[in-house]
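Observations on chain architecture
Okay, here's what each chain looks like letter by letter:
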Amino acid sequence: MTGQRESILISVAQVLRRAGVQHPLQRSAWLDELRVGDAAVPADSEIVIDLVLEATGTAVVATGTVRAVASCNCRRCLEPFDQPVEATIREIFEPRPTEGETYPLVSEHIDVVPLVRDAVLLSLPLAPLCRADCPGPAPERFPAMAEVPEGEAADPEVGRETEAQPDRNEPPRDPRWAALDQLQLDR
Ligand SMILES: [Zn+2]
């Protein structure tokens, strides 16, 4: 991750000319991977920027949203899944920015990439779940990792997974495996 490779420079000359006038800014960005733990917006996946820029004195206020789709691994069942994320933006660009609080405004231009990167990172789920009631892995197969939530037995998927293990020498029970075998024969 290079971190500083990209920039999207936006001229705010028109915005600064008249305070209080709202200027829409809609862009898409494709950045390096943005990751927090088990959730990431992959490199080169679209990040949709939908902002309104407005001048206050020598500063520019950006409000709006940044949206992306995060690729996550469920912390309970470890299965991968996609989750839309959206960050609400209210940030300030100014000629003398405060580190960690506002963003730089240089020669009547702003770079929205640092703002977008920060916003996406903050919007990523810290403990991603494929669904709110994910029962986790089958406890007989992964006893060390099993969480045992209530109502687990009611889930037909789990019931099926926790049945007797298929013997390696027996024909597979699941028709999907039979289809895979067929594919391999066709090669
Ligand atoms: Zn899950």
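I will try to describe carefully the structure that is included in this document. (Residues numbered from 1 in each chain as written. Predicted model: local features only at pLDDT ≥ 70, side-chain atom pairs only at ≥ 80, totals over all residues. Heavy atoms only, no water.)

**Observations concerning the pairing of strand S5 (residues 46-56)**
- Side chains Ile-47, Ile-49, Leu-51, Leu-53 and Ala-55 of S5 all project onto a buried face; the interleaved residues Glu-46, Val-48, Asp-50, Val-52, Glu-54 and Thr-56 project onto a face where none is buried.
- When S5 meets strand S6 (residues 59-73), the two strands line up antiparallel, connected through 9 bridges. Considered in S6, the bridge of Leu-53 is made with Ala-62.
- Between S5 and S6, which follow one another and run antiparallel, lie 2 residues, and Gly-57 among them has a positive phi close to 65°. (Buried < 20%, exposed > 50% of the residue type's maximum accessible area, 1.4 Å probe, protein only. Helix = DSSP H or I, 4+ residues; strand = E, 2+ residues; numbered from the N terminus. Pairing = 2+ DSSP bridges.)

**Re the coordination of the zinc ion**
- At the metal site, the zinc ion is ligated by Cys-74 (SG), Cys-77 (SG), Cys-130 (SG) and Cys-134 (SG), and these contacts range over 2.3 Å.
- For the zinc ion, the 4 donor atoms are set out with angles of 105 to 114° between them, so the coordination reads as tetrahedral.
- Sequence positions of the residues that donate to the zinc ion give the spacing C-x2-C-x52-C-x3-C. Of this pair, Cys-77 sits in the loop between S6 and strand S7 (80-94) while Cys-130 sits in the loop between helix H2 (113-123) and helix H3 (156-161), and the two are 53 residues apart along the sequence. (Donors = N, O, S within 2.8 Å, 3.2 Å for Na, K, Ca; no water. Tetrahedral: all angles 85-135°; square planar, octahedral: opposite > 155°, others 65-115°.)

**Considerations on unusual backbone geometry**
- In the Ramachandran plot, Leu-78 falls in the positive-phi region, its phi being about 70° despite a non-glycine side chain.
- Locating Leu-78 in the fold gives a position in the loop between S6 and S7.
- Judged by relative accessible area, Leu-78 falls into the partly exposed class, the value being 47%.
- The phi torsion at Glu-108 lies on the positive side, around 60°, for a residue other than glycine.
- The residue Glu-108 is located in the loop between strand S8 (103-106) and strand S9 (109-111) in this model.

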